[in-house]
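# Structural features, examined
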Amino acid sequence: MIERTLSIVKPDGVAKNLIGEVVRRFEAAGLKVVALKMVRLDRGEAEGFYHVHRERPFFASLVAFMSSGPIVPMVLEGEDAIARVRTVMGSTDPAKAGAGTIRKDFASSIEKNIVHGSDGPATASFEIGYFFSALEIPPR
Ligand code: GDP
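This write-up is about the structure you can find in this document. (Residues numbered from 1 in each chain as written. Predicted model: local features only at pLDDT ≥ 70, side-chain atom pairs only at ≥ 80, totals over all residues. Heavy atoms only, no water.)

### Some points on helix H5 (residues 81-89)
Turning to H5, its buried residues number three or more, namely Ala81, Ile82, Val85, Val88 and Met89. Viewed end-on, H5 has its buried residues packed into an arc of 130°, placing them on one side of the element. A positive phi of about 90° marks Gly90, the residue just after H5. (Buried < 20%, exposed > 50% of the residue type's maximum accessible area, 1.4 Å probe, protein only. Helix = DSSP H or I, 4+ residues; strand = E, 2+ residues; numbered from the N terminus. Arc of directions from axis to C-beta.)

Written out as structure tokens, the structure reads:
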């Protein structure tokens, strides 16, 4: 099924000059970039994005990290886009990520792991709407 999903080059990925590398890997995996921008979240905006994690012990640290610098959210489209993006990203913890994944190759910790990808259709819908208005995304 053709899906859309949200990915983000996180602040560590932008700082390490990996925007192009992340986009290249997604494109090489057959995904199409249909929207993309650079933004900087304030604390409240990062809390809103990660509200499902608000009870987790790492929430405050994650929010501080995600609001620490510019990020590059993008909407990716393709066959099974949600799962495909997560395969290209690799496991949350880079120590457990498979060879050739973005996180294995570039992440420095379980938190500073370069890239985000929606984990399901409902999450993708919420997350795309969090960053992009209808006018910024081409109709399907
Ligand atoms: P993802 O879907 O692979 O991004 O992982 P999760 O949805 O479980 O977690 C969201 C984000 O929170 C991760 O990408 C990390 O940046 C961060 N995170 C996850 N687990 C931990 C943890 O145990 N400690 C810290 N400090 N951050 C974490």
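### Focus on the pattern of salt bridges
Enumeration according to the criterion identifies 6 salt bridges in this entry. A salt bridge links Glu77 to Arg4; its shortest N-O distance comes to 2.6 Å. Note that Glu77 is positioned in strand S3 (residues 72-79) and Arg4 in strand S1 (residues 2-9), a separation of 73 residues in sequence. According to the relative accessible area criterion, Arg4 is buried, its value standing at 13%. A salt bridge links Glu21 to Arg24; its shortest N-O distance comes to 3.1 Å. Highlighted residues: Glu21 and Arg24, both in helix H2 (residues 19-28), separated by 3 residues, approximately one helical turn. A residue is classified by how much of its surface remains accessible, and Glu21, at 22% relative accessible area, is partly exposed. Each of Glu21, Arg24, Arg25 and Asp105 takes part in a single network of salt bridges with overlapping partners. (Salt bridge = Lys/Arg side-chain N within 4 Å of Asp/Glu carboxyl O.)

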